[in-house]
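Fold and geometry: a report
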Amino acid sequence: MRILLITPAWRSPFRGEKLKRKALFPPLALPLLAALTPDDVEVSLVDEAVDDVDLEADVDLVGISAMTTQAPRAYQIADAFRARGVKVVLGGMHPSARPQEAAEHCDAVVVGEAEGVWPRVVEDARRGRLQQYYQAETRPDLAEVPVPRRDLLNQDAYLTTGLVQASRGCPFGCSFCTVTRFFGRTYRFRPVEKVIEEVAGLREKLVIFVDDNIMGLPAYSKRFFEQLAELGKTWFSQASLTMLKDAKLLKLAARSGCRGLFVGMESLSQSALQHWGKSFNTGINYRDAIARLHDHGIGVVGSFIFGADEDDSGVFDRTVDFVERAHLDAAQFSILTPLPGTKFYEEMEREGRLIDRNWAHYDGGHVVFRPRSMSADRLREGFHWALRRVYSLTGIIRRTWDGWLRRPVFGYVNLAFRQRIGSYLRRVTKKPQWET
Ligand code: B12
C-alpha cells in the first residue's frame, strides 16, 4: 500500500505568485502521521510550501492536513485525487472544526488528534471499508506519541527540521484561539524522558518547541529544562506571561538554551483582553515583562491583534509606539480573525458580522468580519502601515539597537521578517513598501 501525506500551500495557487522553495519549518503533523503508519506501508510526504504535489501520483491513499487558511487548496487537491478514484482522508484543525464541510471533499474525515485513529483508518482503507468520520474515544496518551519520521522530509528545504512537541493544549481559553476548543480544555504532557530522547537524537542544534505554552505548568517545565540543559541546544517556543511569576523557571529556561519566545500580548487595551478571555494578561506591565526576559538573554516576539471592538483607529500608532519603546525583538501583527471552532467565530456569526467566508482569507492578513470601531478599509490600511513602519530599516534599528550583542539571532529574524513582509506588502498594496 502507498500513502501520500500532504500539507497544502497557504496562498500561492490563489494569488498566482511563484512557490517559494524554502520555508522556515516543516509541518510536524506529516512526519508524525508517517511514524503512526504501519511499517508495511510506503509513505511519502509533500509540503506544498517547498515541493509541488503530483496530482497524478500512483498512490492508494492520500492524507491531507489543513489549517483553515489552507482549506480551499486542501479541497482542490482532494477533489483532484478523488476524480482519479484515489481515496482521500482529511484531518487537522479545519476539518476537525467543520467535519461536514470537509466530508464533501473526501472519503473520510479524522476529527481531532490522529494517535489511536490513524492506524485504523489505514487498515480500513486497505480493506476498502473507510468510514466517513473517525474520532478517538479518549484523548491519546502522549507517552505513546512516536518520534516523527523527519527522515522523510525534504532536508534542504528548511531552516531546521528540529520541531518537537512536549505538550498539547493550553491552560487558558482565549476566545479567538482554536487550541482549547480542539484539545477540549485538556493540557497534556509527554514524559520528560521521551522528549529529551527525541531532542538528543536531532542532528540540528536549533530546536523549535511547537507547544502552545511551554511554561504553562512550571513543575513540568522545570524538570524538562533541567535535563534539556545537558544537551546544549538553542531553542525557541511560545509561552504566556504567567511564566514571569516564577523566577527560577525563567532562569532554567535560559540555562537550557532558550533564546526567544513568542508571546501573545495581543492588545494594550485591558478591556479587549477581558473581552477575549485573556484576563491573565491584564494588569501586567508589558515593558517590565519584556525587560525581564531580556535580562535572561531571551528575545521576545510579541504578537498583537488589531480589530477588537475596543480598537479605534488610534490603535496602530499606540501599538507601534509601544513595540518600539519596549524594544521588542520582533512583532507579529495580525488582523483579528474569527477562526471556525472558536468562541469568537460563534460571536461574529450570531451578530451577523462575518463578511467574507473564503477560508483562504482567514490568515490574519484579511478583514473577514465587520469591525465595530473603524471601517474594514481602515483596519486593513492600519495593519499594513504598522508592518511597514516596524520592519522598515530605521524601524528595526530603532527597536533593536540595544540588543544586538546580547540577542544577535534577532538581527537575522528581523531581516527575514522584513524580506517576507516586504514581498507581502508589494503584493497587497500599491503604496511604497517602507515608511519611516
Ligand atoms: C507551529 C505552528 C505554526 C507554524 C507552522 C509551521 C508548519 N510548517 O507547520 C507557523 C509559525 C508558520 C504558523 C503559522 C500560522 N498559523 Co500556526 N500554529 C502552529 C502551532 C503552534 C503548532 C502546530 C503543530 O505543529 N502542531 C503539532 C502537530 C503534531 O499537531 P497538528 O498539526 O495539530 O496535528 C495533529 C492533529 O491535528 C491531527 N492531524 C493534523 N493533520 C492531519 C491530517 C490527517 C490526514 C490526519 C488523519 C490527522 C491530522 O493529527 C496530528 C497528531 O495528533 C499551532 C497550535 C496547535 N496547537 O496546533 C498553531 C495553529 C495551527 N496556527 C494557527 C494559525 C491561525 C496560523 C496563522 C494563520 C497565523 C497568522 N496570523 O499568521 C499562520 C498561517 C500562515 C499564513 N500566514 O497563512 C491556528 C490554526 C487555527 C485554524 N483553525 O486553522 C493554530 C491552531 C493556533 C491557534 N491559536 O489557533 N503556525
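First things first, this report covers the structure right here in the doc. Because the structure is a prediction, the values reported are computed rather than measured.

Residues three or four positions apart in an α-helix share a direction because the helix packs 3.6 residues into each turn. Listed in full, the buried residues belonging to helix α6 (residues 118-126) are W118, V121, V122, D124 and A125. Viewed end-on, α6 has its buried residues packed into an arc of 165 degrees, placing them on one side of the element.

Here we come to helix α8 (residues 192-200). All of the buried residues in α8 are V192, V195, I196, E198 and V199. Along the axis of α8, the buried residues cluster in a sector spanning 160 degrees; they form a single face. On the buried face of α8, the contacting elements are β7 (163-164), β10 (206-209) and α9 (218-228).

We now examine the site of the ligand. Every one of the 39 residues lining the ligand counts as a neighbour, but S65, T68, E115, T178 and D212 are closest to it. At a separation of 2.7 Å, a nitrogen atom of the ligand approaches a polar side-chain atom of S65. Here an oxygen atom of the ligand sits 2.9 Å away from a polar atom, N or O, in the side chain of T178. Of all elements in the fold, only α2 (29-36), β3 (61-65), β4 (87-91) and α7 (179-183) reach the threshold of two or more residues within the shell around the ligand. Among the residues forming the shell around the ligand, the class breakdown is 21 nonpolar, twelve polar and six charged. Mapped onto the domain boundaries, the shell around the ligand takes at least three residues apiece from domain 1 (2-135) and domain 2 (142-428).

Time to look at the nonpolar core. Grouped together as the largest cluster of nonpolar side chains are 69 residues, with contacts concentrated most on F224, M243, L261 and F333. Ranked by residues supplied to this core, first place goes to helix α15 (residues 376-390) with six residues. Residues contacting M243, with those up to four places away along its chain left out, are M215, L249, L250, L261, V263 and L293. Core analysis: the next-biggest nonpolar cluster, separate from the first, contains 39 residues, I6, F81, I305 and W359 among them.

Enumeration over the complete set of coordinates arrives at 21 aromatic pairs. Ring centres of F209 and F224 lie 5.4 Å apart, and the angle between their planes is 80 degrees; on these two criteria the pair is classed as edge-to-face. Here F209 is found in strand β10, whereas its partner F224 is found in helix α9, with 15 residues between them in sequence. Pair check on accessibility: F209 and F224 agree, each one buried. Their ring planes at 75 degrees and their centres at 4.9 Å tell us that W359 and Y362 sit as a pair that is edge-to-face.

Procedures and definitions
- Residues numbered from 1 in each chain as written.
- Predicted model: local features only at pLDDT ≥ 70, side-chain atom pairs only at ≥ 80, totals over all residues.
- Heavy atoms only, no water.
- Buried < 20%, exposed > 50% of the residue type's maximum accessible area, 1.4 Å probe, protein only.
- Helix = DSSP H or I, 4+ residues; strand = E, 2+ residues; numbered from the N terminus.
- Arc of directions from axis to C-beta.
- Contact = heavy atoms within 4.5 Å.
- Near = heavy atom within 4 Å.
- Polar contact = N/O pair within 3.5 Å; in protein donor to acceptor, adjacent residues only side chain to side chain.
- Nonpolar A, V, L, I, M, F, W, Y, C, P; charged D, E, K, R; others polar.
- Domains from an automatic or database assignment.
- Core = buried A, V, L, I, M, F, W, Y, C linked by side-chain atoms within 4.5 Å.
- Phe/Tyr/Trp six-rings, centres within 6.5 Å; stacked < 30°, edge-to-face > 60°.

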